[in-house]
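# Structure assessment
Here is what each chain is made of, one letter per residue.
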Amino acid sequence: MPATKWTGETDVVVLGYGAAGAVAAMSAHDAGVKAIILEKGEYPGGVTVTSGGGVKYVAGDVARAAKYFDALSWGRMEADVIEAFVQGLAENLSYAKELAKVDGAQIAETTFKGSSYLFDGGEVMSSFKVTSVPGFNGFPWSVGKEFGLIGPRAGQCLFKMLMDNVEARGIETMLSTRAATLVTDRQGAVVGVEAESQGKRLRIRARKGVVLACGGFEQNEWLRLHCFEGRPLHSMAPFTNTGDGLIMAQKLGAALWHMWLVHGSYGFKFDECPLAMRHNFSGHANPDRKMPWIIVDKNGRRYMNENPPAPQDTPFRFMQVLDPDLPGYPRIPSYMLFDERGRRQGAIGNYVGDEKYYYEWSADNSREIEKGWIVSGGSIGELAKRLKGLPSNQGRMEAAVLEETVARWNQHVKSGGDPFNRTPATAMALETPPFYGVEVWPIINNTHGGPVHNAKQQVVDASGSPIPRLYIAGELGSFINSLYELGSNLAECLSSGRVAGKNAALEESLR
């Protein structure tokens with residue numbers, strides 16, 4: 001393609017300015033080449049700034065960690081890809097400490113050690129958070145509170161540290177710039193990007209390669225409809241995450257993997273706010289903290305452990321059961337039940353996301369009751385009648401069934417046992433009227449599926465061959481494929497970004 005048709009030129013073009021894109025650009029820069037970041041959104045940060053900020057790393061034998069992630073993958077991942085992933089995790093803490101020297105960011109290992117699941121090798125895992133950055137009080141475009149953290153969320157602090165490092169290196173960034181097409185030469189190698197910025201069309205030549213770090217497809221309605229079993233699944237991710245990188249890679253023949261996999265839980269979605277809200281329990285911050293609620297289906301029956309090892313990851317899976325006799329999904333929505341004592345324990349909801357739609361859940365849930373989001377009854381039977389009258393219930397809730405469910409739960413609390421293996425320390429009986437119920441839906445924190453990559457973070461086609469000069473990092477085509485280890489998404493942003501940026505920089509330069 002004639003050089004006169006390019007509007008700009010660099011060595012490595014990185015698409016997406018979240019954690020993965022920032023690290024990829026820094027890695028390319030540190031390898032001695034010039035990089036530029038194109039970000040579709042008005043602001044940088046992506047899903048990173050909405051996260052809890054936990055970053056997983058290997059604090060022991062890498063081979064043991066590989067065994068653990070092999071178990072989590074259920075045979076879906078090649079050995080060399082697993083080895084590359086865990087080797088990256090082994091370097092994450094030392095890497096972050098080097099970055100912290102730029103702005104004095106404070107890094108602290110979390111109190112929880114080990115892994116989320118009981119597979120062999122998980123004992124060598126640990127995690128850290130960037131707890132603060134001097135002078136930083138949070139990004140005005142991203143809001144949300146995290147249990148146990150005072151000040152900006154750790155995800156915001158992490159990204160602030162990364163952004164300060166991008167700026168310290170003088171890496172050019174372009175916001176409100178949407179990449180539309182990957183440009184290839186006659187041999188199929190990626191040689192540039194077509195993008196749109198402020199109504200202008202850009203054609204940026206990449207002398208060495210392009211890194212896709214533009215996030216998942218959480219806000220792509222068509223992909224949600226056709227990749228996930230249950231419906232609807234509501235998203236709390238940025239509106240810019242519409243699968244652009246996935247679609248661009250598909251046009252070049254990229255293979256796709258685990259498109260069905262979501263990092264998500266049960267949460268809230270109300271017409272007043274276009275983004276979903278999560279419940280307020282996450283990770284292992286306090287495994288003995290009382291969870292005041294249970295979850296029941298439209299018929300009033302429990303069906304899950306409400307507080308599994310990864311409460312913001314796996315619960316959505318239990319909600320995607322189809323009843324062909326109705327037809328429909330008897331668990332979408334489900335209903336969160338709690339009593340007066342539970343209501344006063346604290347906010348059940350937590351908004352994390354775009355400040356334009358910010359909603360601060362009341363500390364005692366009273367505002368949400370006034371809004372009608374939460375319904376109440378003086379008895380369990382009366383509550384059942386209120387829930388039965390909701391349009392989402394289709395008249396299926398029967399008082400006798402719900403009364404039996406709550407009575408059985410209360411007995412489990414007293415006996416210390418539960419057929420769904422909920423940790424006894426988290427259990428609270430529902431016995432103090434009035435009683436409350438609120439709709440809960442499957443919630444998407446982020447997606448994992450997308451283009452397949454190899455151990456070098458190269459995007460590969462359906463035959464397993466790398467698409468020349470095309471790399472990938474972060475949640476787009478994530479390594480995570482079956483079970484999500486808490487803190488792995490941000491860990492992968494750091495590790496895959498380093499690999500993708502460095503390997504792109506090592507490509508032979510186009511003339």
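Residues numbered from 1 in each chain as written. Predicted model: local features only at pLDDT ≥ 70, side-chain atom pairs only at ≥ 80, totals over all residues. Heavy atoms only, no water.

### A closer look at the sheet that holds strand β5 (residues 125-132)
Short version of the rule: Paired strands are those between which DSSP finds at least two bridges. Secondary structure elements follow DSSP: runs of H or I of four or more residues count as helices, runs of E of two or more count as strands, with numbering from the N terminus. Axes here refer to lines fitted to C-alpha atoms; in helices the fit is confined to the stretch in contact. Angles between the N-to-C directions go from 0 to 180 degrees. Residue contacts are counted whenever heavy atoms from the two residues lie within 4.5 Å of one another.
Taken together, three strands build an open sheet; the order of strands is β3-β5-β4 and the sheet is antiparallel. The open sheet has two edge strands, β3 (55-58) and β4 (106-109), and neither has a second partner. With strand direction ignored, the average angle separating the axes of adjacent strands in the sheet is 35 degrees. Across the sheet, helix α4 (residues 92-103) touches β3, β4 and β5, and the angle it forms with β4 is around 160 degrees.

### Considerations on the pairing of strand β23 (residues 466-472)
Successive residues of a regular strand alternate their side chains across the two faces of the sheet. Heads up, the condition is: When accessible area is computed with a 1.4 Å probe and restricted to protein chains, residues below 20% of their type maximum are described as buried, those above 50% as exposed, and intermediate ones as partly exposed.
Across the seven residues that make up β23, a large majority, five, are buried. Note that strand β10 (residues 200-212) and β23 share three bridges and pair parallel. Bridge pairing links V211 to Y471 in β23. Sheet topology note: the strand β22 (residues 458-460)/β23 ladder contains two bridges and is antiparallel. Residue pairing in the sheet places Q458 in a bridge with Y471 of β23. The loop that links β22 with its antiparallel partner β23 comprises five residues; one of these, G464, has a positive phi angle of about 90 degrees.

### Let's talk about the confidence of the model for the chain
Heads up, the rule is: What pLDDT reports is the predictor's confidence in each residue, on a scale of 0 through 100.
Averaged over all residues, the pLDDT of the chain is 92; the fraction at 70 or higher stands at 96%. Low pLDDT, under 50, characterises residues 146-150; the predicted model gives this stretch nine contacts beyond four residues in sequence or across chains.

### Here's the deal with the pairing of strand β16 (residues 334-339)
With six of six residues buried, β16 lies mostly within the body of the structure. With burial as the criterion, each face of β16 is covered, one bearing S334, M336 and F338 and the other bearing Y335, L337 and D339. As judged from the three bridges shared by strand β15 (residues 294-296) and β16, these two strands associate in the antiparallel manner. Directly across from I294, in β16, lies its bridge partner L337.

### What about the packing of helix α10 (residues 380-388) against helix α11 (residues 399-415)?
Packed helix pairs are specified by the crossing angle of their axes together with the interaxial distance, meaning the distance between the axes. Which entries qualify depends on this criterion: What sets the label is the angle itself: under 35 degrees gives roughly parallel, over 145 gives roughly antiparallel, 65 to 115 gives roughly perpendicular, and the rest give oblique. Note: crossing handedness is left-handed where the near helix turns anticlockwise from the far helix by less than a right angle, and right-handed where it turns clockwise. Only Asp, Glu, Lys and Arg are considered charged in this grouping, and only Ala, Val, Leu, Ile, Met, Phe, Trp, Tyr, Cys and Pro are considered nonpolar; every other residue, Gly among them, is considered polar.
Across the interface, α10 lies against α11 with an axial gap of 8 Å and an inter-helix angle of 125 degrees. Considered as vectors, α10 and α11 are oriented oblique to each other. The two elements α10 and α11 cross, and the hand of that crossing is right-handed. Facing I380, G381, A384 and L387 of α10, the residues of α11 in contact are A399, L402, E403 and V406. Residues that form the contact of α10 with α11 fall into these classes: six nonpolar, one polar and one charged.

### Here's the deal with the pattern of salt bridges
We count it as follows: Salt bridge criterion: a side-chain nitrogen from Lys or Arg within 4 Å of a carboxyl oxygen from Asp or Glu.
The final tally for this structure, using the stated rule, is 26 salt bridges. Between D11 and R207 there is a salt bridge whose closest N-O contact spans 2.9 Å. Of the two residues, D11 is situated in strand β1 (residues 8-15) and R207 in strand β10; the sequence distance between them amounts to 196 residues. The residues D11 and R207 share a single accessibility class, namely buried. Residues K40 and D244 are paired through a salt bridge, measuring 3.1 Å at the closest nitrogen-oxygen approach. With K40 in the loop between β2 (35-38) and β3 and D244 in helix α7 (residues 244-251), the pair connects residues that are 204 residues apart, well separated along the chain. Owing to a relative accessible area of 28%, K40 belongs among the partly exposed residues under this scheme. A relative accessible area of 17% means that D244 is categorised as buried. One connected set of salt bridges, linked through shared partners, spans E9, D11, R205 and R207.

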